[in-house]
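Below, each chain spelled out in residue letters.
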Amino acid sequence: MTHSTSTSTASTYVPDLGKSTGATPLPTAGTGNRRPVLRRLRDWLTGFVFTVPALTLFGLLVLAPMGYAIYASFFNWGGFGSPSDFQGLDNYTRLFKDPVFLGDLWRGGLLIGFSIALQLPFALAMAVLLNQKLRGRAVYRMLFFAPYILSEVITGVLFGMIFAPGQGLADKVLDAVGLSGLGGDWFAGSHTVLPTLFLVMTWKYFGFHMMLYLAGLQGIPAELHEAARIDGAGTWQRFRHITLPLLAPTIRISAFLSVIFSIQLFDLVWVITTGGPDHASETMAISMFQYGFKRYQMGYASAISVVMFLIALVFALAYQRFVLRRDTEGAITNMRANR
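This next bit is on the overall build of the protein chain. In terms of helices and strands, the protein chain carries 15 helices and zero strands. Taken over 339 residues, the protein chain has a buried fraction of 32%. Taking all contacts inside the protein chain whose residues are at least 6 apart in sequence as the whole, residues at least 24 apart take part in 65%. Carbon together with sulfur atoms contributes 67% to the accessible area of the protein chain, which is approximately 21,600 Å² in total.

On to a nonpolar patch on the surface. Together, Leu-150, Val-153, Ile-154, Val-157, Leu-158, Met-161 and Trp-203 give the surface a local cluster of nonpolar side chains, amounting to about 590 Å² of exposed area. Among the elements that take part in the nonpolar patch, helix H7 (residues 152–162) stands out by supplying five residues, more than any other. You can see Leu-158 is positioned in helix H7.

To describe two helices that pack against each other, one gives the angle between their axes and the distance between the axes. In the contact formed by helix H13 (residues 284–294) and helix H14 (residues 298–322), the axes pass within 7 Å of each other and the chain directions differ by 160°. When the interaxial angle is binned, H13 and H14 end up roughly antiparallel. In the crossing of H13 with H14, the sense of the turn from one axis to the other is left-handed. Together, Met-284, Ala-285, Ser-287, Met-288, Tyr-291, Gly-292 and Phe-293 of H13 and Met-298, Tyr-300, Ala-301, Ile-304, Ser-305, Met-308 and Ile-311 of H14 make up the contact between the two elements. Classifying every residue of the contact of H13 with H14 by side-chain character gives eleven nonpolar, three polar and no charged.

Note that the residue after Gly-276, namely Pro-277, is joined by a cis bond; omega there is -5°. When you line up the elements, Pro-277 lands in the loop between helix H12 (267–272) and H13. Even without glycine at this site, Trp-186 takes up a positive phi of about 55°. Relative to the helices and strands, Trp-186 is located in the loop between helix H8 (169–176) and helix H9 (193–218). A relative accessible area of 17% means that Trp-186 is categorised as buried. Even without a glycine there, the phi angle at Asp-278 is positive, about 55°.

Counted at 1.5 Å a residue, the expected span for helix H11 (residues 235–263) with its 29 residues is 42 Å, but the 36 Å between its end C-alpha atoms falls short. Taken as a whole, H11 carries its principal kink of about 55° at Ala-248; the proline Pro-249 stands between one and four residues after it.

Here the focus is the side chain of Ser-73. Its place among the elements puts Ser-73 in the loop between helix H3 (37–72) and helix H4 (90–95). One polar contact links the side chain of Ser-73 to the main-chain carbonyl oxygen of Ile-70, over a distance of 2.6 Å. Not counting residues within four places of it along the chain, the set of residues in contact with Ser-73 comprises Gly-88, Asn-91, Tyr-92, Gly-299, Ser-302, Ala-303 and Val-306.

On to the confidence of the model for the protein chain. Scored by pLDDT, the protein chain has a mean of 86; 86% of the residues are at 70 or more. When mean pLDDT is taken per element in the protein chain, H14 scores highest with 95 and helix H1 (residues 2–12) scores lowest with 43. Contacts for the low-pLDDT stretch residues 1–15, under 50 throughout, to residues beyond four places or in other chains number zero contacts. With pLDDT under 50 throughout, residues 17–23 is counted as low confidence; its partners more than four residues away or in other chains account for four contacts.

Attention now goes to the packing of aromatic side chains. Considering all chains together, one arrives at 29 aromatic pairs under this definition. Ring geometry for Tyr-68 and Tyr-71: centres 5.9 Å apart, planes at 45°, overall tilted. Of this pair, Tyr-68 and Tyr-71 both sit in helix H3, separated by three residues, roughly a single helical turn. Under the relative-accessibility criterion, Tyr-68 is labelled partly exposed at 40%. Classification of Tyr-71 as partly exposed rests on a relative accessible area of 40%.

Cut-off values and rules
- Residues numbered from 1 in each chain as written.
- Predicted model: local features only at pLDDT ≥ 70, side-chain atom pairs only at ≥ 80, totals over all residues.
- Heavy atoms only, no water.
- Helix = DSSP H or I, 4+ residues; strand = E, 2+ residues; numbered from the N terminus.
- Buried < 20%, exposed > 50% of the residue type's maximum accessible area, 1.4 Å probe, protein only.
- Contact = heavy atoms within 4.5 Å.
- Areas by Shrake-Rupley, 256 points an atom, 1.4 Å probe, with all protein chains shown as cover.
- Patch = residues over 30% accessible without salt bridge, like charges linked within 9 Å, V, L, I, M, F, W, Y side chains within 5 Å.
- Salt bridge = Lys/Arg side-chain N within 4 Å of Asp/Glu carboxyl O.
- Axes fitted to C-alpha atoms, helices over the stretch in contact; angles between N-to-C directions.
- Parallel < 35°, antiparallel > 145°, perpendicular 65-115°, else oblique.
- Left-handed = near helix turned anticlockwise from the far one by under 90°.
- Nonpolar A, V, L, I, M, F, W, Y, C, P; charged D, E, K, R; others polar.
- Expected span 1.5 Å × (residues − 1).
- Bend = angle between axes of the 7 residues up to and from the residue.
- Polar contact = N/O pair within 3.5 Å; in protein donor to acceptor, adjacent residues only side chain to side chain.
- pLDDT = per-residue confidence, 0-100.
- Phe/Tyr/Trp six-rings, centres within 6.5 Å; stacked < 30°, edge-to-face > 60°.

See the structure below:
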């Protein structure tokens, strides 16, 4: 009897830990992961306060000039005083009837095509070569990247002297090796200026893309190449089935930057040719500068700048939507997983 009574008492007694021991009651299900509203509001205000300086500078230095350029593009304005002669869309109508501007679009497209088809593959080949175990490869990387460090003004002056017709280093070297017939007008000829200019652009900018590809190549695990080599895959097979697929995000970013650089190209061309001869090397940025600061047609120049901005914006949005979509989605997923 005594045993049964003690057993039943022990089995039915449940101590109230919250009252007798002073312990904190356990949280109810579904409330442990909720952040208080005040804490969320505090975090939002903290982030807003830290971004106000950057947003202010962005608004004053980017959005305000951009808005004023759009406003000025509807006026026949010389750049002095306030715009007053409203023209509506006349500047834009004139723009797409201007053979010089249409030629700028064509030349910009050619430079983009040359960059994608020639400059980037050359940079990729050099990156793959310098990613191998070569003696002195750090020196080679530095030498190939050095032209990108030089300013466009220095590069323009340097190659202006190298390709000076008859007196430049290029013609003298060709004469010395018996190939004087290959020399020519270089920047002075309407048919040779664009290929010569692209040669200078490749020398100047390929090092930047090469370093991008090198960074991407060093992120590819070496075990993948070792496993493929053990399975009998050759050099080309490893490059095609391992290197290229894993380097594809870097290549897409490189191509995007190359197109944007080509659309905005100005200083290098201006120093070497100022857009000549006879508009043969002119770009949209040079046309904008010529009309705005040489001919004092600031309204028309503003229309050119707006069209340049729209071209770059549409390309960037379309490229992100259809080309970079997988890369951006993967980055967002990784950020959420690391929280």
